[in-house]
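Remarks on the overall topology
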Amino acid sequence: LSGTSMSTPHIAGVAALLLQAHPDWSPAAIKSALMTSARQSITAPDGETAAHPFDFGAGHIVPNDALDPGLVYDVGDAEYDAFACGTGSTAVTTARCDELASAGFSFSGSDMNQPSIAVSRLADERTVSRQVTNVSDQSATYTANVIAPAGISVSVTPPSLTIPAGQTASFDVTFNV
């Protein structure tokens, strides 16, 4: 009735439909569309208490909304390779890791361009950068709305972005304990 054994085939099927509708989208763009269009009005396992992010992750997918999410976070091969370098994976050669380091790629998982952000061992302040691409057919303005975890302040710079159709823009998210 719930859990990975049920969610995996559902997500795979919806992802296949999204790929059919948007054959130029990468797997990361499809994941982003599913995550950013998910609803978070979910209850805890008791069926009454409001769930929290550790209960639901990105939320419950809304396939029709994922068809036109407005923005997507995309990840390229170089970012995946840099992440692998940061984990010490043998799947990427030392020469490739050196090349990525010279090009300025971060090996930290926190810096991978995803809709979710995880920062381990936040002791003071940390800023991560993200890029989003407007996949709609018209220019749009997006404004950040943050519900910060207890004990952490979060700021987004710039707080809003106006992005023409098909274009990409960047923003920074700063976390302070």
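The text that follows walks through the structure, step by step, so that each part is easy to find. (Residues numbered from 1 in each chain as written. Predicted model: local features only at pLDDT ≥ 70, side-chain atom pairs only at ≥ 80, totals over all residues. Heavy atoms only, no water.)

Turning to the overall build of the protein, a few remarks are in order. Within the protein one finds 6 helices and 6 strands. What you see in the protein, going N to C, is helices and strands ordered as α-α-α-α-β-α-α-β-β-β-β-β. Its C-alpha atoms put the protein at 50 × 40 × 40 Å along the principal axes. Scored against the burial criterion, the 177 residues of the protein give a buried share of 27%. (Helix = DSSP H or I, 4+ residues; strand = E, 2+ residues; numbered from the N terminus. Buried < 20%, exposed > 50% of the residue type's maximum accessible area, 1.4 Å probe, protein only.)

Here we take up the packing of aromatic side chains. Remark: the centre distance and the inter-plane angle together describe each pair of aromatic rings, the angle taken between the planes. For the coordinates displayed, the defined rule picks out 1 aromatic pair. Note on Tyr73 and Phe171: the rings are 6.4 Å apart at their centroids and 80° apart in plane angle, and the pair reads as edge-to-face. Placement of Tyr73 in the loop between β1 (71-72) and α5 (77-87) and of Phe171 in strand β6 (residues 168-176) is noted, with a sequence separation of 98 residues between them. We note that Tyr73, like Phe171, is buried. (Phe/Tyr/Trp six-rings, centres within 6.5 Å; stacked < 30°, edge-to-face > 60°.)

Turning to the sheet that holds strand β4 (residues 153-157), a few remarks are in order. Reading across the sheet, the 4 strands line up as β1-β2-β6-β4 and stay open at both edges, with antiparallel pairing between neighbours. Both edges of this open sheet fall to β1 and β4, since each of them pairs with a single strand only. Pairing of β4 with β6, which is carried by 5 bridges, proceeds in the antiparallel orientation. Note on β6: the bridge partner recorded for Ser153 is Asn176. (Pairing = 2+ DSSP bridges.)

Glancing now at the pairing of strand β2 (residues 125-134). Sheet analysis places β1 next to β2, joined by 2 bridges and oriented antiparallel. Of the residues in β2, the one forming a bridge with Val72 is Thr133. Taken together, the 9 bridges between β2 and β6 define a ladder with antiparallel strand orientation. Each residue of the ladder has a partner; that of Thr133, found in β6, is Thr168.

Note that Ser32 resides in helix α2 (residues 27-36). Classification of Ser32 as buried rests on a relative accessible area of 0%. Each residue touching Ser32, except ones within four places of it in the same chain, is listed here: Leu71, Val72, Tyr73 and Pro115. (Contact = heavy atoms within 4.5 Å.)

What follows covers the state of the cysteines. Under the definition given, this model contains 1 disulfide. Shown here is the disulfide that connects Cys85 with Cys97, its sulfur atoms set 2.0 Å apart. Judged by the sign of its S-S torsion, about -95°, the cystine formed by Cys85 and Cys97 is left-handed. Within this pair, whereas Cys85 is found in helix α5, its partner Cys97 is found in helix α6 (residues 94-102), the two being separated by 12 residues in sequence. Judged by relative accessible area, Cys85 falls into the buried class, the value being 12%. (Disulfide = S-S within 2.5 Å.)

Next up on the list: the packing of α5 against α6. The relative placement of two packed helices is expressed as an angle between their axes plus a distance between the axes. For the pair α5 and α6, interaxial distance at closest approach is 10 Å and the crossing angle is 115°. Overall, the two elements α5 and α6 adopt an arrangement that is roughly perpendicular. Regarding α5 and α6, the two cross each other, and that crossing is left-handed. Residues Ala78, Asp81, Ala82 and Cys85 of α5 form the contact with α6, whose own contacting residues are Arg96, Cys97 and Leu100. Grouping the constituent residues of the contact of α5 with α6 by class yields 5 nonpolar, no polar and 2 charged. (Axes fitted to C-alpha atoms, helices over the stretch in contact; angles between N-to-C directions. Parallel < 35°, antiparallel > 145°, perpendicular 65-115°, else oblique. Left-handed = near helix turned anticlockwise from the far one by under 90°. Nonpolar A, V, L, I, M, F, W, Y, C, P; charged D, E, K, R; others polar.)

What follows deals with unusual backbone geometry. With an omega dihedral of -10°, the bond running from Thr157 to Pro158 counts as a cis peptide bond. With respect to the secondary-structure elements, Pro158 resides in the loop between β4 and β5 (160-163). A positive phi angle, close to 55°, is found at Arg121, a residue other than glycine. By the element assignment, Arg121 lies in the loop between α6 and β2.

Let's shift gears to the environment of Ile152. Examined against the element boundaries, Ile152 turns out to sit in the loop between β3 (140-143) and β4. When the C-alpha atoms of Ile152 and Leu122 are compared, they prove to be 9.4 Å apart, with 30 residues separating the residues in sequence.

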